[in-house]
Amino acid sequence: MFPFQQVIPMILATLAGALADPLFWVVVMLVALQYRRMAAVRRVFFGEAALGGVWRETALASAYGLGGGFLGSLVIVLVGLTLSGSGLIYLWPVAILLMLINARFLCFAYAGGVLALANLFFGFPEVNIAQVLALVAVLHMVESLLILAGGHLGAVPAYFRAPGGRVVGGFTLQRFWPIPIAALAVVGPVAVQHGVAMPEWWPLFKPDVPGNPAELTYALVPVVAGLGYGDLAVSRRPAAKSRLSALYLGTYSLLLLLLAYWSQHHRALAFLAALFSPLGHELVIYAGKRGEFRRSPLYVPPERGVGVLDVIPEAPAYRAGLRPGDVLLAVNQQPVNSRRELEEALAWAWGPVEVEFLHGSGRAYRREVVSWRHKGQPFGLLPVPEGYEEEVMDVSTAGPLWRWWSGFWRRLKGS
(Lines give C-alpha, C1' and ligand atoms only; values in the text may rest on other atoms or scores of the structure.)
Protein backbone atom coordinates (compact mmCIF):
# COMPACT_ATOMS: atom_id res chain seq x y z
CA MET A 1 0.00 0.00 0.00
CA PHE A 2 1.15 3.52 -0.76
CA PRO A 3 1.66 5.54 2.48
CA PHE A 4 -0.81 8.34 1.68
CA GLN A 5 -1.37 9.20 5.35
CA GLN A 6 2.32 10.01 5.79
CA VAL A 7 2.92 11.58 2.39
CA ILE A 8 -0.02 14.00 2.27
CA PRO A 9 1.01 16.03 5.38
CA MET A 10 4.52 16.31 3.94
CA ILE A 11 3.13 17.60 0.64
CA LEU A 12 0.97 20.17 2.43
CA ALA A 13 3.94 21.36 4.50
CA THR A 14 6.04 21.73 1.33
CA LEU A 15 3.27 23.67 -0.44
CA ALA A 16 3.08 25.99 2.57
CA GLY A 17 6.79 26.62 2.09
CA ALA A 18 6.14 27.47 -1.57
CA LEU A 19 3.64 30.14 -0.49
CA ALA A 20 6.44 31.83 1.46
CA ASP A 21 8.56 32.02 -1.69
CA PRO A 22 8.51 35.57 -3.18
CA LEU A 23 8.48 33.98 -6.64
CA PHE A 24 4.99 32.63 -5.97
CA TRP A 25 3.68 36.13 -5.34
CA VAL A 26 5.46 37.40 -8.45
CA VAL A 27 3.52 34.79 -10.43
CA VAL A 28 0.31 35.88 -8.66
CA MET A 29 0.95 39.47 -9.75
CA LEU A 30 1.55 38.33 -13.34
CA VAL A 31 -1.74 36.42 -13.21
CA ALA A 32 -3.48 39.55 -11.91
CA LEU A 33 -2.11 41.54 -14.86
CA GLN A 34 -3.59 38.96 -17.25
CA TYR A 35 -7.02 39.24 -15.61
CA ARG A 36 -6.76 43.01 -15.72
CA ARG A 37 -6.15 42.79 -19.47
CA MET A 38 -9.21 40.55 -19.84
CA ALA A 39 -11.29 43.03 -17.84
CA ALA A 40 -10.16 45.77 -20.22
CA VAL A 41 -11.43 43.72 -23.16
CA ARG A 42 -14.83 43.41 -21.49
CA ARG A 43 -14.78 47.18 -20.94
CA VAL A 44 -14.49 47.68 -24.72
CA PHE A 45 -17.79 45.83 -25.16
CA PHE A 46 -19.71 46.96 -22.09
CA GLY A 47 -18.22 50.25 -20.95
CA GLU A 48 -16.41 51.45 -17.85
CA ALA A 49 -18.81 49.74 -15.44
CA ALA A 50 -17.67 46.32 -16.62
CA LEU A 51 -14.10 46.80 -15.39
CA GLY A 52 -13.60 45.30 -11.96
CA GLY A 53 -13.32 42.12 -10.03
CA VAL A 54 -9.66 41.66 -11.01
CA TRP A 55 -8.53 40.78 -7.51
CA ARG A 56 -11.51 38.51 -7.00
CA GLU A 57 -10.57 36.65 -10.19
CA THR A 58 -6.94 36.49 -9.06
CA ALA A 59 -7.87 35.16 -5.62
CA LEU A 60 -10.15 32.54 -7.18
CA ALA A 61 -7.42 31.50 -9.64
CA SER A 62 -4.93 31.22 -6.78
CA ALA A 63 -7.31 29.00 -4.83
CA TYR A 64 -7.76 26.76 -7.88
CA GLY A 65 -3.99 26.78 -8.36
CA LEU A 66 -3.41 25.59 -4.81
CA GLY A 67 -5.80 22.69 -5.36
CA GLY A 68 -4.20 21.82 -8.69
CA GLY A 69 -0.74 22.05 -7.18
CA PHE A 70 -1.69 19.62 -4.44
CA LEU A 71 -3.09 17.08 -6.92
CA GLY A 72 -0.05 17.45 -9.17
CA SER A 73 2.28 16.99 -6.22
CA LEU A 74 0.42 13.85 -5.23
CA VAL A 75 0.84 12.39 -8.73
CA ILE A 76 4.55 13.32 -8.77
CA VAL A 77 5.17 11.54 -5.47
CA LEU A 78 2.95 8.60 -6.42
CA VAL A 79 4.96 7.81 -9.57
CA GLY A 80 8.28 8.85 -8.04
CA LEU A 81 9.09 11.58 -10.54
CA THR A 82 12.23 13.45 -9.49
CA LEU A 83 13.75 16.65 -10.81
CA SER A 84 17.31 15.43 -10.23
CA GLY A 85 18.97 15.05 -13.61
CA SER A 86 15.74 15.79 -15.46
CA GLY A 87 17.16 18.69 -17.48
CA LEU A 88 14.48 21.06 -16.19
CA ILE A 89 16.92 23.95 -16.53
CA TYR A 90 16.66 23.70 -20.33
CA LEU A 91 12.87 23.78 -20.57
CA TRP A 92 12.25 27.49 -20.04
CA PRO A 93 14.96 28.80 -22.43
CA VAL A 94 13.78 26.47 -25.22
CA ALA A 95 10.12 27.38 -24.58
CA ILE A 96 10.92 31.10 -24.79
CA LEU A 97 12.80 30.63 -28.07
CA LEU A 98 9.90 28.66 -29.53
CA MET A 99 7.53 31.44 -28.46
CA LEU A 100 9.26 33.71 -30.99
CA ILE A 101 7.80 31.46 -33.69
CA ASN A 102 4.32 31.11 -32.18
CA ALA A 103 2.94 32.26 -28.84
CA ARG A 104 1.26 28.92 -28.17
CA PHE A 105 4.70 27.25 -28.26
CA LEU A 106 5.39 28.80 -24.84
CA CYS A 107 4.43 25.41 -23.48
CA PHE A 108 6.57 22.61 -22.10
CA ALA A 109 4.88 20.14 -24.47
CA TYR A 110 6.88 21.62 -27.36
CA ALA A 111 10.06 22.41 -25.45
CA GLY A 112 10.08 18.95 -23.85
CA GLY A 113 9.64 17.27 -27.23
CA VAL A 114 12.44 19.34 -28.80
CA LEU A 115 14.81 18.53 -25.94
CA ALA A 116 13.99 14.83 -26.08
CA LEU A 117 14.50 14.65 -29.86
CA ALA A 118 17.76 16.60 -29.65
CA ASN A 119 19.03 14.17 -27.04
CA LEU A 120 18.02 11.14 -29.11
CA PHE A 121 19.60 12.42 -32.35
CA PHE A 122 22.62 14.36 -31.10
CA GLY A 123 23.13 13.25 -27.49
CA PHE A 124 22.81 16.86 -26.32
CA PRO A 125 21.59 18.24 -24.03
CA GLU A 126 21.93 15.59 -21.36
CA VAL A 127 18.36 15.15 -20.20
CA ASN A 128 16.38 12.27 -18.80
CA ILE A 129 13.77 11.89 -21.53
CA ALA A 130 11.34 9.91 -19.39
CA GLN A 131 11.46 12.44 -16.56
CA VAL A 132 11.13 15.51 -18.79
CA LEU A 133 8.15 14.12 -20.68
CA ALA A 134 6.55 12.79 -17.50
CA LEU A 135 6.81 16.28 -15.99
CA VAL A 136 5.12 17.70 -19.10
CA ALA A 137 2.38 15.06 -18.73
CA VAL A 138 1.75 15.82 -15.05
CA LEU A 139 1.56 19.58 -15.64
CA HIS A 140 -0.97 19.07 -18.43
CA MET A 141 -2.91 16.65 -16.24
CA VAL A 142 -3.19 19.39 -13.62
CA GLU A 143 -4.16 21.88 -16.33
CA SER A 144 -6.93 19.58 -17.60
CA LEU A 145 -8.39 19.32 -14.09
CA LEU A 146 -8.28 23.10 -13.65
CA ILE A 147 -9.96 23.60 -17.04
CA LEU A 148 -12.65 21.10 -16.04
CA ALA A 149 -13.25 22.91 -12.75
CA GLY A 150 -13.17 26.51 -13.95
CA GLY A 151 -12.01 26.91 -17.53
CA HIS A 152 -15.29 28.59 -18.47
CA LEU A 153 -15.21 31.20 -15.70
CA GLY A 154 -14.75 34.79 -16.80
CA ALA A 155 -15.34 34.00 -20.50
CA VAL A 156 -14.89 37.18 -22.54
CA PRO A 157 -17.37 37.88 -25.38
CA ALA A 158 -15.91 38.54 -28.80
CA TYR A 159 -16.69 38.64 -32.50
CA PHE A 160 -14.83 36.18 -34.75
CA ARG A 161 -14.47 35.83 -38.49
CA ALA A 162 -15.37 32.27 -39.44
CA PRO A 163 -13.44 30.48 -42.23
CA GLY A 164 -16.10 31.47 -44.81
CA GLY A 165 -15.76 35.16 -43.92
CA ARG A 166 -18.96 35.38 -41.83
CA VAL A 167 -18.70 37.25 -38.52
CA VAL A 168 -20.09 35.24 -35.61
CA GLY A 169 -20.27 35.76 -31.88
CA GLY A 170 -18.51 33.68 -29.30
CA PHE A 171 -16.31 33.73 -26.22
CA THR A 172 -12.61 33.62 -25.59
CA LEU A 173 -11.79 31.31 -22.71
CA GLN A 174 -8.68 32.41 -20.88
CA ARG A 175 -7.62 31.35 -17.42
CA PHE A 176 -4.31 31.63 -15.59
CA TRP A 177 -3.28 29.90 -12.39
CA PRO A 178 -0.25 30.24 -10.07
CA ILE A 179 0.79 26.69 -9.17
CA PRO A 180 2.90 25.71 -6.13
CA ILE A 181 4.20 22.15 -6.49
CA ALA A 182 5.96 19.78 -4.11
CA ALA A 183 8.59 18.08 -6.29
CA LEU A 184 10.88 15.18 -5.49
CA ALA A 185 14.64 15.56 -5.42
CA VAL A 186 17.29 12.96 -4.64
CA VAL A 187 19.25 13.85 -1.51
CA GLY A 188 21.65 10.92 -1.73
CA PRO A 189 22.32 7.48 -0.25
CA VAL A 190 21.86 8.70 3.31
CA ALA A 191 20.04 6.74 5.97
CA VAL A 192 17.12 8.65 7.48
CA GLN A 193 15.69 7.41 10.77
CA HIS A 194 12.29 9.03 10.46
CA GLY A 195 11.68 8.68 6.72
CA VAL A 196 8.70 7.16 4.95
CA ALA A 197 8.96 3.55 3.79
CA MET A 198 7.87 3.37 0.16
CA PRO A 199 6.50 0.28 -1.65
CA GLU A 200 8.88 -2.03 -3.47
CA TRP A 201 7.59 -0.96 -6.91
CA TRP A 202 8.38 2.68 -6.21
CA PRO A 203 9.66 4.80 -7.96
CA LEU A 204 8.19 4.13 -11.38
CA PHE A 205 10.52 6.75 -12.91
CA LYS A 206 14.11 5.93 -12.04
CA PRO A 207 16.19 8.99 -11.12
CA ASP A 208 19.13 9.82 -13.34
CA VAL A 209 21.65 9.63 -10.49
CA PRO A 210 24.11 6.91 -9.46
CA GLY A 211 22.95 4.26 -7.03
CA ASN A 212 20.08 1.87 -6.49
CA PRO A 213 16.79 3.86 -6.53
CA ALA A 214 15.49 1.77 -3.63
CA GLU A 215 18.44 2.83 -1.47
CA LEU A 216 18.36 6.54 -2.22
CA THR A 217 16.92 9.22 0.02
CA TYR A 218 14.34 11.59 -1.47
CA ALA A 219 13.13 14.97 -0.26
CA LEU A 220 10.24 17.21 -1.22
CA VAL A 221 11.20 20.66 -2.47
CA PRO A 222 8.83 23.55 -3.31
CA VAL A 223 8.61 24.63 -6.95
CA VAL A 224 6.55 27.54 -8.31
CA ALA A 225 4.98 27.42 -11.76
CA GLY A 226 2.20 29.05 -13.73
CA LEU A 227 -0.36 27.48 -16.04
CA GLY A 228 -2.53 29.13 -18.67
CA TYR A 229 -5.47 28.07 -20.81
CA GLY A 230 -6.69 29.71 -23.99
CA ASP A 231 -9.55 28.60 -26.21
CA LEU A 232 -12.67 29.90 -27.93
CA ALA A 233 -16.32 28.88 -27.84
CA VAL A 234 -18.39 29.57 -30.96
CA SER A 235 -20.64 26.56 -31.44
CA ARG A 236 -20.76 25.48 -27.79
CA ARG A 237 -21.47 27.18 -24.49
CA PRO A 238 -18.26 28.10 -22.62
CA ALA A 239 -18.90 25.47 -19.93
CA ALA A 240 -19.45 22.72 -22.51
CA LYS A 241 -16.36 23.77 -24.48
CA SER A 242 -14.13 23.79 -21.41
CA ARG A 243 -15.33 20.30 -20.47
CA LEU A 244 -14.47 19.04 -23.96
CA SER A 245 -11.07 20.74 -23.83
CA ALA A 246 -10.39 19.15 -20.44
CA LEU A 247 -11.28 15.73 -21.87
CA TYR A 248 -8.92 16.16 -24.83
CA LEU A 249 -6.07 17.47 -22.70
CA GLY A 250 -6.56 14.88 -19.96
CA THR A 251 -6.43 12.05 -22.51
CA TYR A 252 -3.28 13.56 -24.02
CA SER A 253 -1.58 13.82 -20.62
CA LEU A 254 -2.39 10.22 -19.66
CA LEU A 255 -1.07 8.87 -22.98
CA LEU A 256 2.09 10.97 -22.68
CA LEU A 257 2.67 9.76 -19.11
CA LEU A 258 2.39 6.14 -20.25
CA LEU A 259 4.73 6.72 -23.18
CA ALA A 260 7.21 8.48 -20.90
CA TYR A 261 7.19 5.48 -18.54
CA TRP A 262 7.66 2.96 -21.38
CA SER A 263 10.41 5.09 -22.93
CA GLN A 264 12.68 4.02 -20.04
CA HIS A 265 12.70 0.48 -21.41
CA HIS A 266 12.48 0.84 -25.20
CA ARG A 267 14.40 3.39 -27.29
CA ALA A 268 11.82 3.22 -30.08
CA LEU A 269 9.14 4.28 -27.61
CA ALA A 270 11.38 7.15 -26.51
CA PHE A 271 11.21 8.46 -30.10
CA LEU A 272 7.45 7.97 -30.11
CA ALA A 273 7.05 9.79 -26.79
CA ALA A 274 9.28 12.67 -27.95
CA LEU A 275 7.20 13.10 -31.10
CA PHE A 276 3.88 12.69 -29.31
CA SER A 277 4.68 15.48 -26.83
CA PRO A 278 4.40 18.35 -29.38
CA LEU A 279 2.34 16.64 -32.09
CA GLY A 280 -0.25 15.30 -29.66
CA HIS A 281 -0.61 18.77 -28.18
CA GLU A 282 -1.06 20.22 -31.67
CA LEU A 283 -3.74 17.62 -32.33
CA VAL A 284 -5.59 18.70 -29.18
CA ILE A 285 -5.56 22.34 -30.36
CA TYR A 286 -6.49 21.43 -33.93
CA ALA A 287 -9.40 19.23 -32.86
CA GLY A 288 -10.74 21.91 -30.54
CA LYS A 289 -10.62 24.81 -33.02
CA ARG A 290 -11.60 22.91 -36.16
CA GLY A 291 -14.50 21.23 -34.39
CA GLU A 292 -15.69 24.59 -33.10
CA PHE A 293 -15.92 26.22 -36.53
CA ARG A 294 -17.26 23.16 -38.36
CA ARG A 295 -20.38 23.10 -36.19
CA SER A 296 -23.22 25.60 -36.58
CA PRO A 297 -22.42 28.75 -34.57
CA LEU A 298 -24.67 29.51 -31.62
CA TYR A 299 -24.37 33.26 -31.42
CA VAL A 300 -25.80 34.50 -34.74
CA PRO A 301 -28.88 36.68 -35.48
CA PRO A 302 -32.19 34.84 -34.98
CA GLU A 303 -35.07 35.04 -37.46
CA ARG A 304 -36.90 37.40 -35.11
CA GLY A 305 -35.61 39.54 -32.27
CA VAL A 306 -32.05 40.29 -31.13
CA GLY A 307 -29.76 37.47 -30.00
CA VAL A 308 -27.97 37.97 -26.67
CA LEU A 309 -24.25 37.22 -26.67
CA ASP A 310 -23.49 38.27 -23.09
CA VAL A 311 -24.76 40.34 -20.17
CA ILE A 312 -23.02 42.11 -17.31
CA PRO A 313 -23.68 40.41 -13.96
CA GLU A 314 -26.03 42.46 -11.76
CA ALA A 315 -26.79 44.94 -14.58
CA PRO A 316 -30.47 45.69 -15.38
CA ALA A 317 -30.47 43.18 -18.27
CA TYR A 318 -29.11 40.52 -15.93
CA ARG A 319 -31.66 41.30 -13.21
CA ALA A 320 -34.40 40.98 -15.80
CA GLY A 321 -33.30 37.40 -16.38
CA LEU A 322 -31.56 37.79 -19.73
CA ARG A 323 -28.68 35.37 -20.25
CA PRO A 324 -26.29 34.49 -23.11
CA GLY A 325 -28.17 32.69 -25.86
CA ASP A 326 -31.55 34.31 -25.13
CA VAL A 327 -33.49 36.23 -27.78
CA LEU A 328 -34.78 39.71 -26.91
CA LEU A 329 -38.11 40.39 -28.65
CA ALA A 330 -39.30 43.78 -27.37
CA VAL A 331 -38.45 46.66 -25.04
CA ASN A 332 -41.44 48.46 -23.51
CA GLN A 333 -43.67 46.67 -26.05
CA GLN A 334 -41.59 48.03 -28.94
CA PRO A 335 -40.34 45.12 -31.15
CA VAL A 336 -36.57 44.99 -31.73
CA ASN A 337 -35.08 43.03 -34.62
CA SER A 338 -31.64 44.61 -35.02
CA ARG A 339 -28.95 46.24 -32.94
CA ARG A 340 -29.99 49.68 -34.19
CA GLU A 341 -33.62 49.10 -33.18
CA LEU A 342 -32.46 47.90 -29.76
CA GLU A 343 -30.35 51.02 -29.25
CA GLU A 344 -33.26 53.25 -30.26
CA ALA A 345 -35.66 51.45 -27.93
CA LEU A 346 -33.24 51.74 -25.00
CA ALA A 347 -32.60 55.42 -25.77
CA TRP A 348 -36.29 56.16 -25.07
CA ALA A 349 -36.52 53.87 -22.05
CA TRP A 350 -36.26 55.05 -18.44
CA GLY A 351 -37.50 54.05 -15.02
CA PRO A 352 -39.27 50.66 -15.14
CA VAL A 353 -38.28 48.84 -18.36
CA GLU A 354 -40.33 45.92 -19.64
CA VAL A 355 -38.50 43.34 -21.73
CA GLU A 356 -39.97 40.40 -23.60
CA PHE A 357 -37.62 37.58 -24.54
CA LEU A 358 -37.21 33.89 -25.28
CA HIS A 359 -35.17 32.24 -22.55
CA GLY A 360 -33.02 29.12 -22.45
CA SER A 361 -32.55 26.31 -24.93
CA GLY A 362 -36.28 25.58 -24.78
CA ARG A 363 -37.01 29.18 -25.77
CA ALA A 364 -39.59 29.78 -23.05
CA TYR A 365 -41.36 33.13 -23.43
CA ARG A 366 -40.82 35.57 -20.54
CA ARG A 367 -41.90 39.13 -19.78
CA GLU A 368 -40.03 40.94 -17.00
CA VAL A 369 -39.94 44.49 -15.64
CA VAL A 370 -36.73 45.93 -14.22
CA SER A 371 -35.81 49.39 -12.94
CA TRP A 372 -33.10 51.30 -14.80
CA ARG A 373 -31.59 54.61 -13.78
CA HIS A 374 -30.35 55.02 -17.37
CA LYS A 375 -27.87 57.89 -16.83
CA GLY A 376 -24.37 56.56 -16.23
CA GLN A 377 -25.56 52.96 -16.01
CA PRO A 378 -25.39 50.63 -19.02
CA PHE A 379 -28.29 48.30 -19.62
CA GLY A 380 -25.65 45.58 -19.73
CA LEU A 381 -26.54 43.63 -22.86
CA LEU A 382 -24.25 42.75 -25.77
CA PRO A 383 -26.07 41.56 -28.92
CA VAL A 384 -24.73 38.92 -31.26
CA PRO A 385 -22.99 40.31 -34.37
CA GLU A 386 -25.11 40.93 -37.44
CA GLY A 387 -22.41 39.63 -39.79
CA TYR A 388 -20.98 42.83 -41.24
CA GLU A 389 -18.85 44.04 -38.31
CA GLU A 390 -15.31 45.07 -39.21
CA GLU A 391 -13.73 44.77 -35.77
CA VAL A 392 -13.17 41.10 -34.97
CA MET A 393 -10.81 39.33 -32.63
CA ASP A 394 -7.57 38.14 -34.18
CA VAL A 395 -7.11 34.47 -33.21
CA SER A 396 -3.63 34.27 -34.72
CA THR A 397 -0.83 33.41 -32.27
CA ALA A 398 2.09 33.96 -34.66
CA GLY A 399 5.22 35.14 -32.88
CA PRO A 400 7.51 38.03 -33.92
CA LEU A 401 9.98 35.77 -35.74
CA TRP A 402 7.24 34.14 -37.80
CA ARG A 403 5.62 37.53 -38.59
CA TRP A 404 9.00 38.87 -39.74
CA TRP A 405 9.56 35.84 -41.97
CA SER A 406 6.05 36.07 -43.43
CA GLY A 407 6.55 39.76 -44.22
CA PHE A 408 9.98 39.12 -45.71
CA TRP A 409 8.63 36.30 -47.91
CA ARG A 410 5.74 38.47 -49.16
CA ARG A 411 8.13 41.27 -50.05
CA LEU A 412 10.44 38.79 -51.78
CA LYS A 413 7.58 37.37 -53.85
CA GLY A 414 6.34 40.87 -54.66
CA SER A 415 9.70 41.89 -56.05
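Every value quoted in this text rests on a predicted model; they were computed, and no experiment measured them.

**Q** Break down the sheet that holds strand β3 (residues 217-233) for me, with residues and values.
**A** Strand pairing in a sheet is mediated by backbone hydrogen bonds. Such pairs are either parallel or antiparallel. Spatially, three strands are ordered β1-β2-β3 in an open sheet, and the strand pairing comes out antiparallel. At either end of the open sheet lies a strand with only one pairing partner, and these are β1 (156-161) and β3. Strand-to-strand, the axes of this sheet are offset by a mean angle of 35°, without reference to chain direction. Examined bridge by bridge, β1 and strand β2 (residues 167-188) share six bridges and lie antiparallel to one another. Looking at the pairing, Arg 161 lines up with Val 167 of β2. Each of β2 and β3 is contacted by helix α6 (residues 129-150), which is oriented at about 50° to β3, the strand it contacts most.

**Q** Would you mind going over the pattern of salt bridges in detail, with residue names and values included?
**A** One pass over the full model with this rule turns up nine salt bridges. The residue Glu 344 makes a salt bridge to Arg 340 at a minimum N-O spacing of 2.9 Å. Linking Glu 344 with Arg 340, this pair stays in helix α10 (residues 339-347), spanning four residues, or about one helical turn. Looking at Arg 340, the relative accessible area reads 53%, which means it is exposed. One connected set of salt bridges, linked through shared partners, spans Asp 231, Arg 236, Lys 241 and Glu 292.

**Q** Which residues make up the nonpolar core, and what values do they have?
**A** The biggest cluster of nonpolar side chains holds 71 residues, and the ones touching the most others in it are Leu 81, Trp 177 and Phe 205. Top contributing element to this core by residue count: α6, with 14 residues. Membership of the second largest hydrophobic core comes to 20 residues, among which are Val 306, Ala 317, Ala 345 and Phe 379.

**Q** Got a sec to walk through helix α1 (residues 4-19)? Specific residues and values, please.
**A** For α1, with 16 residues, the first-to-last C-alpha span of 22 Å sits near the 22 Å given by 1.5 Å per residue. Buried within α1 are the following residues: Val 7, Ile 11, Thr 14, Leu 15 and Ala 18. For α1, the angular spread of the buried residues around the axis is 100°, confining them to a single face. The exposed set on the far side of α1, more than 90 degrees from its buried face, consists of Gln 5 and Ala 13.

**Q** I'd like a description of a nonpolar patch on the surface, backed by residues and values.
**A** Taken together, the side chains of Leu 23, Val 26, Leu 30 and Leu 33 present a nonpolar region at the surface, about 370 Å² in accessible area. Here Val 26 falls in the partly exposed class, since its relative accessible area comes to 45%.

**Q** Which residues make up the pairing of β2, and what are the values?
**A** One face of the sheet, then the other: side chains in a regular strand alternate in exactly this way. In terms of residue burial, β2 counts as a mostly covered element, since 20 of its 22 residues are buried. Where β1 folds back onto β2 in an antiparallel hairpin, the turn is made up of five residues, including Gly 165, whose phi is positive at roughly 100°. Across 17 bridges, the pairing between β2 and β3 is antiparallel. Pairing of Ile 179 across the sheet is with Ala 225, part of β3.

**Q** Account for the packing of helix α4 (residues 88-99) against helix α5 (residues 108-122), naming residues and giving values.
**A** For any two helices packed against each other, the geometry is given by the interaxial angle and the distance between the axes. Where α4 contacts α5, the two axes come as close as 8 Å, and the packing angle between them is 110°. As the angle between them shows, α4 and α5 are arranged roughly perpendicular. At the point where α4 passes α5, the crossing takes the right-handed sense. Between α4, through Tyr 90, Leu 91, Trp 92, Val 94, Ala 95 and Leu 98, and α5, the contact on the second element is made entirely by Phe 108, Tyr 110, Ala 111, Gly 112, Val 114 and Leu 115.

**Q** Tell me about the confidence of the model for the protein, and please be specific about residues and values.
**A** Here the protein averages 86 in pLDDT, while 89% of its residues score no lower than 70. Mean pLDDT across the secondary structure elements of the protein bottoms out at helix α11 (residues 400-414), with 66, and peaks at helix α7 (residues 238-262), with 96.

About the thresholds
Residues numbered from 1 in each chain as written. Predicted model: local features only at pLDDT ≥ 70, side-chain atom pairs only at ≥ 80, totals over all residues. Heavy atoms only, no water. Pairing = 2+ DSSP bridges. Helix = DSSP H or I, 4+ residues; strand = E, 2+ residues; numbered from the N terminus. Axes fitted to C-alpha atoms, helices over the stretch in contact; angles between N-to-C directions. Contact = heavy atoms within 4.5 Å. Salt bridge = Lys/Arg side-chain N within 4 Å of Asp/Glu carboxyl O. Buried < 20%, exposed > 50% of the residue type's maximum accessible area, 1.4 Å probe, protein only. Core = buried A, V, L, I, M, F, W, Y, C linked by side-chain atoms within 4.5 Å. Expected span 1.5 Å × (residues − 1). Arc of directions from axis to C-beta. Patch = residues over 30% accessible without salt bridge, like charges linked within 9 Å, V, L, I, M, F, W, Y side chains within 5 Å. Areas by Shrake-Rupley, 256 points an atom, 1.4 Å probe, with all protein chains shown as cover. Parallel < 35°, antiparallel > 145°, perpendicular 65-115°, else oblique. Left-handed = near helix turned anticlockwise from the far one by under 90°. pLDDT = per-residue confidence, 0-100.

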